[in-house]
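These are the residues of each chain, in order.
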Amino acid sequence: MNKDKVYIETYGCQMNFSDTEIVASLLKAGGFDIIDKIDDADIILLNTCSVRDNAEKKIHQRLMHLKQYKKRKNKLVVGVIGCMAERMQEKLIEEEDIVKIVVGPDEYRLIPQLINQAIGGQKGIAVELSTVETYDDITPLRTEGISAFISIMRGCNNFCTYCIVPYTRGRDRSREIATIINEVKDLAQQGIKEITLLGQNVNSYTANHKGQNIDFPELIARFAEVAPEIRFRFTTSHPKDISDKLIETIAANDNICNHIHLAMQSGSTRVLEMMKRKYTYEHFLGRIQKIKELIPDCALSTDIIAGFPGETIDDHKQTLQAVRDIRYDGAFMFKYSPREGTKSYDMEDDVDEKEKLRRLNQIIEMQNNIALELNDAEIGKTQEVLVEGSSKRSRDDMMGRTGTNKVVVFPNNPPCKIGDLVKVKIIRTTSATLIGKRI
Ligand code: SF4
């Protein structure tokens, strides 16, 4: 039988990449072939992000570009899935005549059926949000490699005023512990060396297991025990839920990576209140101090928004001071971007674009200098590196990551292979990369 071929293009966060693996698995079970060359596709799906206006603009441009494929293959079906599909719903089909299918994150099980209907000429929309869907029974169709994602929970209940996620991904729900443990064991058997546990707020994970409530620190401690040969990471954590118990669990287990991503967003408690982040800056700083106390070599990364509505120069200075005090290893830094449908969309966007950019650039400059200094402090140290492949710049060099998630490049001498854990002495650095040699 000639199977229809589906090409999936993924945008946005790691959750989306993990969802694409679930969609691919559902499609394969539905009789489709998953391909990695767009030119051969009968169906093109864009798995989209809605978090910033720019992310959506990119998708509109991509849809325009896909018209050339439609001209070449009249029967081509184009679908938009994920957060932008959920946010725009039928408007997407009205605005973009190339789009035949629109499917939100909780309706992926319907995709094979909707594609078949679209092949028959019928447009399809499925955007119902669920309070229970976790795709617990689906084994993701992963691409080969040494690392894997496992989504352990979906959705978010926090409703930060700037964020579209609770509206596009629905309420917080956690997966059954037994199915996740089986997935970890399977991946260990397949030779996977690193697993990243994913969720909008992984540390709010909670599930009942045999009458007992299991929280995130207990869950990750079980994984560390079940698969001691695997390195575990997790993202993303909410500052209000980063408990002493979780920090102690990371400190106590060598195979839970010493890297915590904790989204600060602002160094001003006044702005954090307007964002409805549910913590003060003092609480946030207290959590960072606890991490530094219990895990002195823990790498820290964060998210920062510049120019939130009502942010004054003084608030901005507090953010700069926070960056200076905390000294993050890395940060995702953005200008505030109003998202229709969120609470802050109705607030007066009173920091003009030029000023937002000025504040953002100040934060970026300070953060980049700190990252460079922290990388320089690695010179002379020996790091354990999980080898991921050849370096982009030279085939004679390999690249990998430390437990603290720093990229290390080193000559492949003595030779090593993908998946090896090797010791590398750091000899020089850039702001983004450590350069070393095997010892
Ligand atoms: S915690 Fe806030 S920023 Fe994070 S997904 Fe939930 S609403 Fe969005």
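Draft legend 1. Fine view of the domain arrangement of the protein chain. Here the domain parsing of the protein chain yields domain 1 (5-126), domain 2 (146-249), domain 3 (258-377) and domain 4 (382-438). Its C-alpha centre places domain 1 at a distance of 36 Å from the equivalent point of domain 4.

Draft legend 2. Local environment of the pairing of strand 17 (residues 382-390). The sheet contact formed by strand 17 and strand 20 (residues 421-429) spans five bridges and is antiparallel. Opposite Leu 386, over in strand 20, you have Leu 421 as the bridge partner. Bridge count between strand 17 and strand 18 (residues 397-402): five bridges; the pairing is antiparallel. Bridging from a neighbouring strand, Leu 386 pairs with Arg 401 of strand 18. In this structure, the hairpin formed by strand 17 and strand 18 is closed by a connection of six residues.

Draft legend 3. Just the sheet that holds strand 10 (residues 194-198), in detail. Overall, parallel pairing links the three strands, which are arranged 7-10-13 in an open sheet. Looking at which strands have only one partner, the edges of the open sheet turn out to be strand 7 (147-151) and strand 13 (231-235). Mean inter-strand twist for the sheet, computed between neighbouring axes without regard to direction, equals 25°. Bridge count between strand 10 and strand 13: five bridges; the pairing is parallel. Of the residues in strand 13, the one forming a bridge with Thr 196 is Arg 233. The strands touched by helix 1 (residues 14-29) within the sheet are strand 7, strand 10 and strand 13, with strand 7 carrying the most contacts at an inclination of about 90°. Against the sheet, helix 7 (residues 177-189) makes contact with strand 7, strand 10 and strand 13, and its axis sits at roughly 175° relative to strand 7, the strand it touches most.

Definitions and limits used
Residues numbered from 1 in each chain as written. Predicted model: local features only at pLDDT ≥ 70, side-chain atom pairs only at ≥ 80, totals over all residues. Heavy atoms only, no water. Domains from an automatic or database assignment. Pairing = 2+ DSSP bridges. Helix = DSSP H or I, 4+ residues; strand = E, 2+ residues; numbered from the N terminus. Axes fitted to C-alpha atoms, helices over the stretch in contact; angles between N-to-C directions. Contact = heavy atoms within 4.5 Å.

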